[in-house]
Amino acid sequence: MTSRIARAVARSRLAKKAPPVRYFQRDERGLPIPHIDILVRNTHQCRLQEHYHDTLRDDLMYLTYVHESKARPPPRQIRLTYDPEDPYSKHRKNLPVGGSQVGKKPSPPTTASNVVQLEKICLHSMQKGALANRSNLLGTLMAFRALTGETEGGGGWRSSGGVEIVRGRKNVSGWVRPGIPIGVKVELKGEKMYEFLGSLVQFVLPRLRDFEGVVLPPASANMNTPSGVSGVVTMGLPPEALGFFPQIEVNQDAYPRLYGMHIHFVTNAEGVGAQDKARALLSGFQLPFCRR
Amino acid sequence: MSASVFVKRCQVGRHEQRLGQNFARSLATHAPQKPRLAVAVVLNRAPIIAKTPTKFERAFYKYQARIQRALHNPFPYDFYFKPGSILEQQFNKEERIRERKAFGKDFVTEESSSSIEVERTDEDEVPAPRRTSADETKDVKDLNRQGSRNLYLLVRDSTNGKDEWRFPKGNVESGELLHEAARKQLTVQCGDNMNTWIVGRRPIGFFEEQSGISTDPLLTEKTFFLKGHIFAGQAQTQDSISDFAWLTKQEIESRVPKDYWLGTKDMLSDL
């Protein structure tokens, strides 16, 4: 009995063919193409990211903590819910009572997992000269590439958009037409985002003349606005600031001129007080703020 | 005294009597004991150098750097250097060394046999060592020890016949805010030779214990902890504290009493 099974097993083994060897496909230069998509991940320690996780995160949690002793009550239903069958409300708009609720969006309850953190930095620059001649955009494009080191699909990451060209959308007579290139933009995330932030606060801002800090709105300003609840801090850099970035400084004469830019620091903060949380985070990275 | 206040006091006295049957004798006029309120400061020296990467992390970074070197876009030499300039030659030399380091001797073919010498300029600074002299001598009072870890200030309390290690602590007077009391008591206990910042106004922890006063052993003491950072300066020994030390979380455990450790350990960073 056992010998019969053993023979059957041996036969089946013999009958089974060895799996085919998967050779690498070769590209046109004869170099092997790997079976998997190769992704470039972090190539070194990120100092500012470590600083965030070791020091800033704890402090920001203590600073932005809002104590809530019990669960929040459900939102008050001021107006009757929309009934499409009701002949009165059938063809009417169901506007919210008390105006737009965008700026009154409540912030989520404070937990250890939703401490404010930096998600991405967006840079963009609009060049008026590009309207007359689109080649005027080339200098900005090259400067942004040198500044950020981003390329489309760089390091095998499909999510990496690289330095993109912004095209006009509207037709404003004598100024912009749909489809013509008028500016460049780039999104930075992860390691490169922290590197850019580091070089901005260490090399550029201290050398800027007459720069006291990102100007805050007056203390009496209404923060119940879409930007007040969005957690995005925005600042602008004058053209001379571009020359202070070490990436541009090495061969500044290769650029036809210097370009200003807008910088948006996008954080995960949302709801009422999000703007303040985002500012607290950025001042932890030594970005100065001042009030006039 | 108005009638209502008098009635209330009597009620309180009776309540106290009922409670007192089990514990200790108390008079009908004995007012209920309010717990003592204290504030302590968890004074932190944040990491001053980056974490030392593990062997695995170093290997990972090296591998990723090699992949990046192999896949990066071609470098625009013409854009960065004038053709044939000294700077370009210098860059090429250094680049060849880096290539050889990443991919081995066989990869770099041209001029690999010639002696590649890159002159060290004054700008090439030698980094400071990660371990300082304070690490070698195990000097717990030095703020330069354990650069990649969080350090916390502990003081040796020798008042009321005690001799134990704890965080700097002091009483809160009535009407005083916690964060103001924290700032004041830190100066009282550890001197004014420190540049510190108390993080926010909210306490980060709470600890309750029997106050060690011999006249009133049942009196409890409630301590609220606030976090602080030190930026410059150093603590000083005063008459209330006989010693101080800057310690990591693991070093604190062996010095403080067991219940104090269990009540405070979650406020401290593991790193």
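By the naming in an unreviewed UniProt entry, chain B is Large ribosomal subunit protein mL46, taken from Schizopora paradoxa. Taken verbatim from the UniProt record of chain B, the Subcellular location (unreviewed entry) comment is "Mitochondrion". Taken verbatim from the UniProt record of chain B, the Sequence similarities (unreviewed entry) comment is "Belongs to the mitochondrion-specific ribosomal protein mL46 family."

Per an unreviewed UniProt entry, chain A carries the name Mitochondrial 50S ribosomal protein L5 and comes from Schizopora paradoxa. The Sequence similarities (unreviewed entry) field of the UniProt record for chain A holds the comment "Belongs to the universal ribosomal protein uL5 family."

Visitor: Outline the pairing of strand β8 (residues 261-267) of chain A, supporting the account with residue identities and numerical values.
Guide: Residue and element names in this part refer to chain A. Counting buried residues in β8 gives five out of seven residues, a clear majority hidden from the surface. Pairing between strand β3 (residues 118-126) and β8: six bridges, direction antiparallel. Looking across to β8, one finds that I121 is bridged to F265. The pairing of strand β7 (residues 232-237) with β8 spans six bridges and is classified as antiparallel. Paired with T234 across the bridge in β8 is H264.

Visitor: How would you explain the nonpolar core if you had to name every residue and give the values?
Guide: In this structure, I121, L123, L200, L237, F245, I263 and F265 of chain A are the most contacted members of the largest nonpolar core, which totals 51 residues. By residue number, the principal contributor to this core is helix α5 (residues 190-204) of chain A, which donates seven residues. Counting residues in hydrophobic clusters, the runner-up holds 21 residues, among them L178, A181, M194 and I241 of chain B.

Visitor: Which residues make up the interface of chain A and chain B, and what values do they have?
Guide: Taken together, the contacts link 25 residues of chain A with 26 residues of chain B. For the pair chain A and chain B, the summed buried area comes to about 2,200 Å², and 61% of that belongs to carbon and sulfur atoms. Taken together, the links from chain A to chain B amount to one salt bridge. The residue K227 of chain B makes a salt bridge to D59 of chain A at a minimum N-O spacing of 2.8 Å. Breaking the side of chain A that touches chain B down by element, the ones donating at least two residues are α2 (47-64) and α4 (138-148) of chain A.

Visitor: Go over unusual backbone geometry with me, naming the residues and quoting the values.
Guide: Even without being a glycine, Q286 of chain A presents a positive backbone phi close to 70°. At K138 of chain B, a residue that is not glycine, the phi angle is positive and equals roughly 55°. Here K138 of chain B shows up in the loop between α5 (133-137) and β2 (151-157). Taking relative accessible area as the criterion, K138 of chain B reaches 67% and is therefore assigned exposed.

Calculation criteria
Residues numbered from 1 in each chain as written. Chains lettered and ligands numbered in written order. Predicted model: local features only at pLDDT ≥ 70, side-chain atom pairs only at ≥ 80, totals over all residues. Heavy atoms only, no water. UniProt positions renumbered as here; feature names shortened; annotations may be inferred. Buried < 20%, exposed > 50% of the residue type's maximum accessible area, 1.4 Å probe, protein only. Helix = DSSP H or I, 4+ residues; strand = E, 2+ residues; numbered from the N terminus. Pairing = 2+ DSSP bridges. Core = buried A, V, L, I, M, F, W, Y, C linked by side-chain atoms within 4.5 Å. Contact = heavy atoms within 4.5 Å. Buried area = accessible area lost by both parts, 1.4 Å probe. Salt bridge = Lys/Arg side-chain N within 4 Å of Asp/Glu carboxyl O.

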